[in-house]
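Architecture and fold: a report
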Amino acid sequence: SKYRNGDAIPNLTITADWGTTNAGAWCYHENNEANNVPYGKLYNYYTTIDARGLCPDGWHVPSQQEWITFVNYHGGIDVAGGKMKIDDLTYWESPNTGATNASGFNAIGAGDRTQQGDSFGSIKYSCAWWSTTVPSAYPTTGYNTILNHSSAAANYNYNHDKNRGISVRCLKD
């Protein structure tokens, strides 16, 4: 809820505000604080590149290349998602394909918020994490890595609008 320097990150619960901002923002899934544990907050892309820093000192939001390196280290796109997902149907819908959490990443199905801000979805079905990389051919979007309950894959996505609300993981420098 705060940048590294202590400045507050706006918690945007009003649909129109979420869908039109070009500054950092966060929300809880369904704007319900009870979803903070275990799912955490959902952030727009702008939060990840703010100069005030989203992650604590000594940490950063990974680039897309850093996500690719992580996924490749865990066997590549076809199996890394299973190695990242916690093997627990409390946090994932069945079948939670391939889930072993062999990587220790502890991924859970945190869901998302649409770029317009008008709806939430996918809780227990999927999760995605921003990278700081913007695809050159699609400057209004940001790259992210996404997992799904029905696949062991870790997929890369480039078509999430920067106002979409998804998760963030910080990487140690």
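These lines cover the structure that appears in this document, whether it is placed above or below. Note that the structure is a prediction, hence the values are computed from the model and not measured. (Residues numbered from 1 in each chain as written. Predicted model: local features only at pLDDT ≥ 70, side-chain atom pairs only at ≥ 80, totals over all residues. Heavy atoms only, no water.)

**What to know about the state of the cysteines**
Under the definition given, this model contains one disulfide. With its sulfur 2.2 Å from that of its partner, Cys 55 forms a disulfide with Cys 170. Between Cys 55 and Cys 170, the S-S torsion sits near -90 degrees, and that sign places the bridge as left-handed. Residue Cys 55 is located in the loop between α3 (45–49) and β3 (59–60), and its partner Cys 170 is located in the loop between β8 (155–161) and β9 (171–172); the two are separated by 115 residues in the primary sequence. Accessibility expressed as a relative area gives 1% for Cys 55, which makes it buried. Note on Cys 170: relative accessible area 32%, which makes it partly exposed. Cysteine Cys 27 shares no disulfide, and the gap to the nearest cysteine sulfur, in Cys 127, comes to 16 Å. Cys 127 takes part in no disulfide bond, and the closest cysteine sulfur, belonging to Cys 170, lies 15 Å away. (Disulfide = S-S within 2.5 Å. Helix = DSSP H or I, 4+ residues; strand = E, 2+ residues; numbered from the N terminus. Buried < 20%, exposed > 50% of the residue type's maximum accessible area, 1.4 Å probe, protein only.)

**Quick word on the environment of Asn 155**
Summarising the element assignment, Asn 155 is placed in strand β8. Assessed through its relative accessible area of 37%, Asn 155 is described here as partly exposed. Apart from the residues within four sequence positions on either side, Asn 155 is in contact with Asn 144, Thr 145 and Ile 146. (Contact = heavy atoms within 4.5 Å.)

**A few points about the layout of surface pockets**
There is about 260 Å³ of room inside the largest pocket. Those elements that provide at least two residues to the lining of the largest pocket are α2 (36–39), β2 (41–43) and β6 (126–130). Tallied by class, residues from the lining of the largest pocket come to 13 nonpolar, three polar and two charged. By volume, the second largest pocket amounts to about 180 Å³. Considering the residues around the second largest pocket, the lining is formed by Pro 62, Glu 66, Trp 67, Thr 69, Phe 70, Phe 105, Arg 169, Cys 170 and Leu 171. Among the elements that make up the lining of the second largest pocket, the one with the highest residue count is helix α4 (residues 64–73) (four residues). Looking at side-chain class alone, the lining of the second largest pocket contains six nonpolar, one polar and two charged residues. (1 Å grid on protein atoms, 1.4 Å probe; cavity = no way out; pocket = protein on both sides within 12 Å on 5 of 7 lines; lining within 4 Å. Points joined across faces, edges and corners; volume = space filled by probe spheres on them. Nonpolar A, V, L, I, M, F, W, Y, C, P; charged D, E, K, R; others polar.)

**Some remarks on the pattern of salt bridges**
On inspection of all chains with the given rule, the structure shows five salt bridges. Ionic pairing is found between Asp 50 and Arg 52, a salt bridge with its closest N-O pair at 2.9 Å. Residue Asp 50 is classed as partly exposed on the basis of its relative accessible area, which comes to 21%. Look at Arg 52 and you get partly exposed, because its relative accessible area is 33%. Put simply, Lys 124 and Glu 93 hold a salt bridge, and the shortest N to O gap is 4.0 Å. Of the two residues, Lys 124 is situated in the loop between β5 (120–123) and β6 and Glu 93 in the loop between α5 (80–84) and β4 (110–113); the sequence distance between them amounts to 31 residues. With relative accessibility at 22%, the residue Lys 124 sits in the partly exposed group. Take Glu 93: its relative accessible area is 27%, and that puts it in the partly exposed class. When salt bridges that share partners are traced, they join Asp 7, Asp 50 and Arg 52 into one network. (Salt bridge = Lys/Arg side-chain N within 4 Å of Asp/Glu carboxyl O.)

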